[in-house]
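Inside the fold
What follows is each chain in one-letter form.
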Amino acid sequence: DEVHMLSASSFGALLKLLEEPPKHAIFILATTEFDRIPETIRSRCQSFDFRRISVTLMVERLRHIAQAEQVTIEDDVLFVIARHSGGCLRDAETLLGQVMGMPAEGQPITMADLDCILPRSDVGAALAVIQALIAHDVGGGVTQLEKLYRGGLDCERFMNDILELLRRILLVTADTES
């Protein structure tokens, strides 16, 4: 994916606007490539770096929303929503809103409700593939992946499951070594 920045003459026009802005205007520039913005523009801007929100903070916020809406929801559901949202609270809140509309009024929200919206991950299958890699069992790993693929594997979700398992394995390994 190629990112198109403003041309040099466009940056020049923007610089003129920033030097003599209309009194009623506020400019908000958003970019993922801040280093490609000319220094003459950057020096006239306040910079705010946004980061992903932790799963813990996201679960707290989602729990607060559910309580405000007087909805009972399993903690596992909140955790899966937060993890699936990849640090984006807006995505987590949207997903929470979708799942809150699933059960009959007054019924608690369960993983079964979430399964209607998100494909359920198969941590056991992800672990089997990791074990096949560790054991250099190419045939077993390929067989496991083929089985999952034929079963309608959500590749992005599966890769996220593998990454999460590897992260946990590293944390446990680091904790036992210290």
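Because the structure is predicted, anything quoted here is derived from the model rather than measured. (Residues numbered from 1 in each chain as written. Predicted model: local features only at pLDDT ≥ 70, side-chain atom pairs only at ≥ 80, totals over all residues. Heavy atoms only, no water.)

1. Side note on the packing of aromatic side chains
Considering all chains together, one arrives at zero aromatic pairs under this definition. The lysine or arginine in question, R42, covers the ring of F34, its NZ or CZ lying 5.6 Å from the ring centre. (Phe/Tyr/Trp six-rings, centres within 6.5 Å; stacked < 30°, edge-to-face > 60°. Lys NZ or Arg CZ within 6 Å of the ring centre and 35° of its normal.)

2. Side note on a nonpolar patch on the surface
Where nonpolar side chains cluster on the molecular surface, the patch consists of L127, L163, L166 and I169 and spans about 320 Å² of accessible area. Secondary-structure assignment places L127 in helix 7 (residues 123-134). (Patch = residues over 30% accessible without salt bridge, like charges linked within 9 Å, V, L, I, M, F, W, Y side chains within 5 Å. Areas by Shrake-Rupley, 256 points an atom, 1.4 Å probe, with all protein chains shown as cover. Salt bridge = Lys/Arg side-chain N within 4 Å of Asp/Glu carboxyl O. Helix = DSSP H or I, 4+ residues; strand = E, 2+ residues; numbered from the N terminus.)

3. Considering the confidence of the model for the protein chain
Looking at the protein chain as a whole, the pLDDT averages 84, with 95% of positions reaching at least 70. Mean pLDDT in the protein chain bottoms out at helix 1 (residues 8-19), which sits at 82, and peaks at helix 3 (residues 55-68), which reaches 95. (pLDDT = per-residue confidence, 0-100.)

4. Points about the nonpolar core
The biggest cluster of nonpolar side chains holds 19 residues, and the ones touching the most others in it are I73, V77, I81, L96, V99 and L114. Going through the elements one at a time, helix 3, helix 4 (75-84), helix 5 (89-100) and helix 6 (111-115) are the ones with two or more residues in this core. Not counting residues up to four positions away in its chain, the partners in contact with L96 are L62, I65, I73, L78 and I81. Of all hydrophobic cores here, the second largest spans eight residues; its members include A125, I130, L148 and I162. (Core = buried A, V, L, I, M, F, W, Y, C linked by side-chain atoms within 4.5 Å. Buried < 20%, exposed > 50% of the residue type's maximum accessible area, 1.4 Å probe, protein only. Contact = heavy atoms within 4.5 Å.)

5. As for the side chain of D113
Looking at the element boundaries, D113 is found in helix 6. Sequence-distant contacts of D113, that is, excluding residues within four places in its chain, are made with V99, M102, P103 and P108.

6. Some thoughts on the environment of I162
Within the secondary structure, I162 sits in helix 9 (residues 155-177). What makes I162 buried here is its relative accessible area of 12%. Spatially, the C-alpha atom of I162 lies 9.1 Å from that of A125, the residues being 37 residues apart in sequence. The residues contacting I162, other than those within four sequence positions of it, are A126, V129 and I130.

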